[in-house]
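Listed below are the residues making up each chain.
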Amino acid sequence: MKEKKLGLMSLILMIFTSVYGFNNIPRSYYLMGYAAIPWFVIAGILFFIPFAFMVAEFGSAFRNETGGMYSWMCKSVGPKYAFIGTFMWYTSYVLWMVNVSSGIWVPVSNVIFGKDTTATWSLFGSHFLSGSRLLGIMAVIFFIVITYFDSKGIDKISTVTSVGGTAVLTINIMVVIGSIIMIIARGGQLQQPFAGFESLKTPLNAAYQGSPIAILSFIVYALFAYGGIEAVGGLVDKTENPKKNFPKGIVIAALVIVVGYATLIMLVGSFTNYKQILGNDEITLGNVSYVIMSNFAAEIGKAFGATPATQLALAHGFARVYACIMLLALMGAMFTLVYSPLKQIIDGTPKELWPGKMGETAEGGMPKNAMWIQCTIVSVMILLISFGGDTMQQFFLILTAMVNVGMTVPYMFISFAFPKFKKMKDVDRSFVVFKSQASANIWGYVVTLTLLFANAFAIIQPALDGDVKTTFWSLSGPVIFGFAAWVIYTRYEKRILAQGDGVSGSSEEVSEEPVAQTE
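Cut-off values and rules
- Residues numbered from 1 in each chain as written.
- Predicted model: local features only at pLDDT ≥ 70, side-chain atom pairs only at ≥ 80, totals over all residues.
- Heavy atoms only, no water.
- Patch = residues over 30% accessible without salt bridge, like charges linked within 9 Å, V, L, I, M, F, W, Y side chains within 5 Å.
- Areas by Shrake-Rupley, 256 points an atom, 1.4 Å probe, with all protein chains shown as cover.
- Salt bridge = Lys/Arg side-chain N within 4 Å of Asp/Glu carboxyl O.
- Helix = DSSP H or I, 4+ residues; strand = E, 2+ residues; numbered from the N terminus.
- Buried < 20%, exposed > 50% of the residue type's maximum accessible area, 1.4 Å probe, protein only.
- Contact = heavy atoms within 4.5 Å.
- Axes fitted to C-alpha atoms, helices over the stretch in contact; angles between N-to-C directions.
- Parallel < 35°, antiparallel > 145°, perpendicular 65-115°, else oblique.
- Left-handed = near helix turned anticlockwise from the far one by under 90°.
- Nonpolar A, V, L, I, M, F, W, Y, C, P; charged D, E, K, R; others polar.
- Phe/Tyr/Trp six-rings, centres within 6.5 Å; stacked < 30°, edge-to-face > 60°.
- Lys NZ or Arg CZ within 6 Å of the ring centre and 35° of its normal.
- Core = buried A, V, L, I, M, F, W, Y, C linked by side-chain atoms within 4.5 Å.

Trainee: Talk me through a nonpolar patch on the surface; I want residue IDs and the actual numbers.
Mentor: On the surface, a cluster of nonpolar side chains totalling about 460 Å² of accessible area is made up of Val41, Ile42, Ile45, Leu46, Ile442 and Trp443. Elements represented by at least two residues in the nonpolar patch include exactly α3 (36-61) and α19 (437-464). In terms of residues, the nonpolar patch owes the most to one element, α3, which gives four residues. Note that Ile45 resides in helix α3. According to the relative accessible area criterion, Ile45 is partly exposed, its value standing at 48%.

Here it is as structure tokens:
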């Protein structure tokens, strides 16, 4: 039976759902206000569009390979480079697990109380076991439970992801329609006044004002907002008339996503006065989305003449609904991602590459030993961060910074490999965007340098402001896990050499069984 191809609109929708994330909007508004908008445009031009074209060329040329980014880098550069890059891609999910396990209690609190009360939680009234420390302990217990059920092969709960995803799309539509209604009801006035170029240039967040490095560090948030585009690499040959439709689809999807982010950030300002709503120490990167969405419901009530009591009831009610939606989405993603990236990187590489029994898979295909090692690493990281003596605001800042850096660094491996890929002979180049080696070199290095400088600014900026701890944790993920990958592969190379097969033999063995890419 002939495979049905994707039309232009279906392709655009698939790219959109792979990349766009609603949670990036309230967080960006909290960090920069309207000044976040230009950086989303810059990140789109210097990273999103050219990188999407790169992975499209990779995906088309290696369409018969099942290994995604591992296969691309292995064939273009070499197996060791590919393994380190792919291992760092996997460990970005480890950092994500640390973040979500700790942050999931914010939506739980909103579901129960209608607002975030996690800063006041304590165990048996103990000051020591309160705030971020208590969340850390609860996060470890939560992650152990998730790992236990996943190790048994119970992954059906991940179906709640689709429910949460559909509901989040509904939230986007509600915000757009509701904001427009409020703007009309207020005679075109915005709660946060927009002063044209001045508003786009000057951050509303005092921490970013007068600090060029702090402003430049924000670009890593914009880059993170475009994460997931590596998933489009396998769609080239599933698209009708790919030479025409695929580049058109990427450009249209990119414009929709950039305009979508910019528009929603503007609309958040239409109902959120920065100083009144976000100008206190109780707001964190963990709870800002719920605060803004609560305010959205209250402002809707206010626009229609509701009493203050009704506005408060609407705020708490909508916070519960939004928190329930996010809880479903996060739970579904957690149940899937605890085993999926790990399973695929282990299944796709030689068993001998992994220390001890880490490379073994149990009945049912689950890498149980590796999952419990992963659980230990995640738990230790959670406890080290949560018992670091930070405020809740600092706690969530560290977690977010770690994930942003950890998830964007692996993209550098792909973009840096692209010029080498263009030099390869005997490769099927039925789909080409970068027509010459010079254009491939220029854009490969532009994207790599954009990622490098954005992450460098994001890592350095907290230390310049006296926050050495956030810098340490932001840098620790890529450094520790990159070094671990190098050690694992070097150990494997030495073992192959000792057996008399040589390094070239190990390259063939690894490249024959590439890692499958998780979308």
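Trainee: Residue-level account of helix α16 (residues 340-347), with values.
Mentor: Residues of α16 that are buried: Ser340, Pro341, Leu342, Ile345 and Ile346. Among the structural elements, α5 (79-103), α15 (308-337) and α17 (368-386) are those in contact with the buried residues of α16.

Trainee: Summarise the pattern of salt bridges; cite the residues concerned and give the values.
Mentor: Counted under the stated rule, the structure contains four salt bridges. Notably, a salt bridge pairs Glu57 with Lys422, separated by 3.0 Å at the nearest N-O pair. On the criterion of sequence distance, the pair formed by Glu57 in helix α3 and Lys422 in helix α18 (residues 392-422) is long-range, its members being 365 residues apart. We note that Glu57, like Lys422, is buried.

Trainee: Could you give an account of the packing of helix α4 (residues 69-76) against α5, naming the residues involved and the relevant values?
Mentor: Contact geometry for α4 and α5: axes closest at 7 Å, N-to-C directions at 155°. With respect to their mutual orientation, α4 and α5 come out roughly antiparallel. Relative to α5, α4 is oriented so that their crossing is right-handed. Counted together, Met69, Tyr70, Met73 and Cys74 of α4 and Pro79, Tyr81, Ala82, Phe83, Gly85, Thr86 and Trp89 of α5 form the full contact between these two elements. Per-class residue counts for the contact of α4 with α5 are nine nonpolar, two polar and no charged.

Trainee: Tell me about the packing of aromatic side chains, and please be specific about residues and values.
Mentor: On inspection of all chains with the given rule, the structure shows 38 aromatic pairs. A centroid spacing of 5.8 Å and a plane angle of 50° characterise the contact between Phe296 and Phe318, whose relative ring orientation is tilted. You can see Phe296 sitting in helix α14 (residues 288-303) and its partner Phe318 sitting in helix α15, a full 22 residues away along the chain. Side by side, Phe296 and Phe318 carry an identical accessibility label, which is buried. Judged by centre distance (6.1 Å) and plane angle (50°), the rings of Phe416 and Tyr445 are tilted. One end of the pair, Phe416, is in helix α18; the other, Tyr445, is in helix α19, with 29 residues separating them in the sequence. Of the aromatic side chains, those joined through ring pairs into one cluster are Phe16, Tyr20, Phe40, Phe48, Phe218, Tyr221, Tyr226 and Tyr261. Here the basic side chain of Arg429 rests over the ring of Phe421, its NZ or CZ set 4.6 Å away from the ring centre.

Trainee: Tell me about the nonpolar core, and please be specific about residues and values.
Mentor: In this structure, Phe22, Phe47 and Tyr226 are the most contacted members of the largest nonpolar core, which totals 162 residues. If one sorts the elements of this core by residue count, α18 sits on top with 17 residues. The contacts of Phe47, once residues within four sequence positions are left out, are Ile42, Ala52, Leu223, Tyr226, Ile229, Tyr411, Val447 and Leu451.

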